[in-house]
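Analysis of the macromolecular model
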Amino acid sequence: MREIARNLTQANKTKNNFMSGKYMPSLIVSVDAMTEELSSAEGREKLMEKYFAETEGGKPWIIPADLIGVEQVKPLSLKDIAIIEGMELDKKTVAAILDVPPFFLGIGEFKKEEYNNFINTRIHSIGQIIAQTLTRDLLINQNWFFRLNPRSLYSYDLTEMVTAGTEMVDRNAMRRNELRDWVGLDPDDEMEELIILENYIPSSKLGDQGKLKGGEKIE
């Protein structure tokens, strides 16, 4: 892990130096090596000012053919020096060591199923350990306990929440105000009462339904 962190740090420094433009010149100017002006930094600066700086933008350069040659080059990219691929590989290794989805470290795209599985396995187990430890070590009343709710961490949209909540309401497993709380709505006094559909009755009471006993005899 220490070695990977060191590699990522060095790769980031290389990327910053590379993106500074120091190693990405847009032009390469070849000059006669025997020219005295090239022997010092001041001479090279004077040469640049003499032939290039005085020319306005968009106008052609007029330079001695035997003294200076100008070539256009294509600068290297981070992909050319394999910095991006190396950093991605190191980040995937870190994600595997920490047992987290790679997109947590900026690798790949977000996947809801993978994220929810991470919450169900990795995070839920950690939450249970924390809750059990707090309950055991901090609470003096045996009827009290800590509970960390993993449902608040799941990734789901509004339609999924409404669908799941509606099914629980239909089965008398939750109140409609609880469902309103799920979707961020204020409670409604008229929705505090539990509702029960006709067919959701205990199996032992199936024979007590009036419709199975028949109506009164009409004379």
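Residues numbered from 1 in each chain as written. Predicted model: local features only at pLDDT ≥ 70, side-chain atom pairs only at ≥ 80, totals over all residues. Heavy atoms only, no water.

So, on to the nonpolar core. In this structure, Ile-4, Leu-8, Ala-11, Ile-83, Met-87 and Val-94 together form the largest nonpolar core, which totals six residues. Every element with two or more residues in this core is listed here: helix H1 (2-19) and helix H3 (83-98). Among residues more than four places away in sequence, those in contact with Leu-8 are Met-87, Asp-90, Lys-91 and Val-94. (Core = buried A, V, L, I, M, F, W, Y, C linked by side-chain atoms within 4.5 Å. Buried < 20%, exposed > 50% of the residue type's maximum accessible area, 1.4 Å probe, protein only. Helix = DSSP H or I, 4+ residues; strand = E, 2+ residues; numbered from the N terminus. Contact = heavy atoms within 4.5 Å.)

Here the focus is unusual backbone geometry. At Asp-99, a position not held by glycine, the phi torsion is positive, near 60 degrees. Relative to the helices and strands, Asp-99 resides in the loop between H3 and helix H4 (112-138). For Asp-99, a relative accessible area of 44% translates into the label partly exposed.

If charged atoms from side chains of opposite charge come close, those side chains can pair. Applying the stated rule across the entire model yields four salt bridges. With its nearest N and O atoms 2.5 Å apart, the salt bridge here joins Arg-6 to Glu-3. Of the two residues, Arg-6 and Glu-3 are both situated in helix H1; the distance of three residues between them amounts to about one turn of the helix. Here Arg-6 falls in the partly exposed class, since its relative accessible area comes to 46%. Accessibility expressed as a relative area gives 44% for Glu-3, which makes it partly exposed. Two residues, Asp-137 and Arg-136, come together in a salt bridge whose shortest N-O distance is 2.9 Å. Classification of Asp-137 by relative accessible area gives partly exposed; the value is 48%. (Salt bridge = Lys/Arg side-chain N within 4 Å of Asp/Glu carboxyl O.)

This is a description of form; function is not addressed.
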